Amino acid sequence: MMLLNGYSWLPGLGRTPAPTRLLGVRATALRGPDAVRFFYDERHVRRHGALPEPVRGTLTGKGAVHTLDGEDHHRRKAMFLALLKEPAHIKRLADEVDAAWDAASARWPGRKVILFEESGRILTDAVCRWAGVQLPPGTLPRVAADLQAMVDGFATGGPRHWRARRARGRQERQFQALVSGVRDGSAVVPQGSACDVVARQPSLSPRTAAVELLNIIRPTVAVSWFVAFTAHALWRWPGQRQALRDGGAEYARAFAHEVRRFYPFAPFVGGRAVDTLTYGGVEIPKGSMVLLDIYGQNHDNLLWPDPYRFAPQRFLEREPGQDDLIPQGGGDPALHRCPGEDITVTLMAQIAARLAALDYEVPPQDLEISLRRIPALPRSRVVIRVR
Ligand code: HEM
């Protein structure tokens with residue numbers, strides 16, 4: 001069903017909780033702030049055994065923080081939070097993105113640029129420098145393509161999936177060699193950098209350290225999906241360009257939140273019922289899947305009046321609440337919520353402002369975003385011609 005109906009599958013079931021099946025397993029789909037609190041309570045839902053192998057083999061890697069529960073999760077997550085939530089670290093990453101954008105965009109005037117691919121390379125360059133990972137000369141395009149491929153192929157059975165597996169295999173081998181080098185002293189990386197911190201975690205095998213380092217680098221490069229959506233929004237609603245130019249940092253941040261709410265990216269998150277549970281009068285069998293419908297909640301008209309209208313103003317007067325806007329999961333970041341959310345919003349706001357300031361035109365192309373393709377992406381990957 002997921003592969004056939006894409007993002008509309010869970011919202012299409014109507015009321016919540018909605019009994020369904022996922023890859024042959026019984027599942028119950030939930031949405032709404034109460035459901036977020038229910039879902040992130042470890043007395044109800046746990047992650048062990050929940051992520052299907054095709055997702056671990058492409059998107060997250062095996063043994064990743066996403067699959068841990070309880071004390072094991074808590075300890076591993078603390079490493080991510082310390083690296084990713086600290087404002088000074090986020091600022092340094094934003095500065096790297098600025099520098100990489102400047103270097104790349106100097107080559108754009110007079111050329112056609114495929115924004116999805118170009119931003120993937122900019123983000124790869126920036127996050128690798130920030131993390132203390134030195135890429136061998138000439139490898140940036142290949143590494144960026146591999147990191148995007150891992151995301152692009154997690155929810156399909158076709159060639160995109162096999163490309164994703166090969167990409168993960170290649171990059172895990174590279175990163176594992178780097179981790180081993182840091183440990184035996186043959187690779188020198190800046191002290192306190194993400195690479196240094198993750199590689200030196202005594203509790204992680206070299207393979208798991210590589211997986212987790214990639215779980216910082218790969219999703220940062222995935223911000224390129226939101227860059228493509230940002231450019232799509234600027235094309236679809238041209239008035240937003242002036243609003244961004246006039247609105248300063250506050251408007252750019254609201255715009256970033258609205259892009260994360262409006263456009264389809266992560267469809268849902270899932271875990272296993274710890275026990276036989278009841279939610280909203282519906283029984284959830286022990287061991288069955290519980291799904292938090294991200295796309296459905298971000299378009300729920302009880303939370304977002306006129307949800308299919310693109311309106312950054314929604315977020316001008318208020319920051320979103322912990323359990324209402326959930327493109328990167330909900331609840332407390334100490335639980336499973338994405339630890340990269342501050343980074344994502346910061347980079348998106350920065351790039352939205354840069355795109356609004358860039359002098360470019362959008363030549364004729366197919367910018368359709370199919371809700372059947374997970375992850376969704378404008379078909380043309382957004383080609384711009386920079387003047
Ligand atoms: C591109 C935009 C991003 C999206 C749409 C996104 C989405 C998500 C989602 C849906 C989850 C699962 C939440 C859950 O299981 O409840 C997650 C977890 C995670 N994300 Fe992100 N994310 C993004 C960017 C980032 C960035 C920039 C980083 C790191 C720099 C990051 C690192 C992680 C990690 C390590 C987890 C696992 C957390 C845990 O299980 O405790 N993500 N993300």
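Residues numbered from 1 in each chain as written. Predicted model: local features only at pLDDT ≥ 70, side-chain atom pairs only at ≥ 80, totals over all residues. Heavy atoms only, no water.

A. Spatial organisation of the packing of aromatic side chains. A full pass over the atoms with the stated rule returns 17 aromatic pairs. Aromatic side chains Trp101 and Trp108 sit 5.2 Å apart centroid to centroid with 75 degrees between the ring planes, which places their arrangement in the edge-to-face category. Here the two residues Trp101 and Trp108 agree in accessibility, since each one is buried. Pairing Phe262 with Tyr263 gives two aromatic rings, centres 5.0 Å apart and planes at 70 degrees, and the pair type is edge-to-face. (Phe/Tyr/Trp six-rings, centres within 6.5 Å; stacked < 30°, edge-to-face > 60°. Buried < 20%, exposed > 50% of the residue type's maximum accessible area, 1.4 Å probe, protein only.)

B. Expanded view of the site of the ligand. Near the ligand you find 28 residues, and of these Tyr40, Arg47, His73, His336 and Cys338 are the closest. Contact distances for the ligand include 2.7 Å between an oxygen atom and a side-chain N or O atom of His73. Broken down by class, the residue content of the shell around the ligand amounts to 17 nonpolar, nine polar and two charged. (Near = heavy atom within 4 Å. Polar contact = N/O pair within 3.5 Å; in protein donor to acceptor, adjacent residues only side chain to side chain. Nonpolar A, V, L, I, M, F, W, Y, C, P; charged D, E, K, R; others polar.)

C. Expanded view of the sheet that holds strand E4 (residues 112–114). The strand order E4-E10-E9 describes an open sheet built from three strands, whose pairing is antiparallel. With one partner strand each, in any of the chains shown, E4 and strand E9 (360–361) form the two edges of the open sheet. (Pairing = 2+ DSSP bridges. Helix = DSSP H or I, 4+ residues; strand = E, 2+ residues; numbered from the N terminus.)

D. Local environment of the environment of Leu244. Relative to the helices and strands, Leu244 is located in helix H13 (residues 239–262). Not counting the four nearest positions on each side in its chain, Leu244 is found in contact with Leu234, Tyr251, Ala252, Phe255, Ala352 and Ala356. (Contact = heavy atoms within 4.5 Å.)

E. Structural detail: the UniProt feature "binding site: heme" (unreviewed entry) in the chain. Taken from the UniProt record, the annotation "binding site: heme" (unreviewed entry) applies to Cys338. By the secondary structure assignment, Cys338 is in the loop between helix H14 (294–298) and helix H15 (341–357). Owing to a relative accessible area of 23%, Cys338 belongs among the partly exposed residues under this scheme. (UniProt positions renumbered as here; feature names shortened; annotations may be inferred.)

F. A look at the nonpolar core. Val133, Ile217, Phe255 and Leu355 are the most contacted members of the largest nonpolar core, which has 92 residues in total. If near-sequence neighbours (up to four positions away) are discounted, Leu355 is found in contact with Trp101, Leu115, Val227, Thr230, Ala231, Leu234, Arg241 and Tyr360. By size, the runner-up hydrophobic cluster in this structure holds 15 residues, among which are Phe39, Val45, Leu292 and Ile326. (Core = buried A, V, L, I, M, F, W, Y, C linked by side-chain atoms within 4.5 Å.)

G. Spatial organisation of the pattern of salt bridges. All chains considered together, the criterion is met by 36 salt bridges. The residue Arg46 makes a salt bridge to Glu42 at a minimum N-O spacing of 3.4 Å. Relative accessible area serves as the criterion here: at 34%, Arg46 is assigned to the partly exposed category. Residue class for Glu42 comes out partly exposed when judged on its relative accessible area of 22%. The partner of Glu319 in a salt bridge is Arg253, and the shortest N-O contact between them spans 2.8 Å. One end of the pair, Glu319, is in the loop between H14 and H15; the other, Arg253, is in helix H13, and 66 residues separate them in sequence. The class of Glu319 is partly exposed, set by a relative accessible area of 44%. In the salt-bridge network here, residues are joined through shared partners; they are Asp359, Glu361, Arg385 and Arg387. (Salt bridge = Lys/Arg side-chain N within 4 Å of Asp/Glu carboxyl O.)

H. Highlighting unusual backbone geometry. In this structure, the amide linkage connecting Ile374 to the following residue, Pro375, adopts the cis form with an omega of -5 degrees. Its location among the elements puts Pro375 in the loop between E9 and strand E10 (383–386). Phi is positive for Arg381, close to 65 degrees, though the residue is something other than glycine. Residue placement: Arg381 occurs in the loop between E9 and E10.

I. How the structure looks around the packing of helix H4 (residues 53–60) against helix H9 (residues 159–184). At their nearest, the axes of H4 and H9 sit 8 Å apart, and the two run at 55 degrees to each other. Classified by the angle between their axes, H4 and H9 sit oblique to one another. Both H4 and H9 take part in a crossing whose hand is left-handed. When H4 is examined against H9, the residues Glu53, Pro54, Arg56, Gly57, Thr58, Leu59 and Thr60 are found in contact with a partner set consisting of His161, Ala164, Arg165 and Arg168. Among the residues forming the contact of H4 with H9, the class breakdown is three nonpolar, four polar and four charged. (Axes fitted to C-alpha atoms, helices over the stretch in contact; angles between N-to-C directions. Parallel < 35°, antiparallel > 145°, perpendicular 65-115°, else oblique. Left-handed = near helix turned anticlockwise from the far one by under 90°.)

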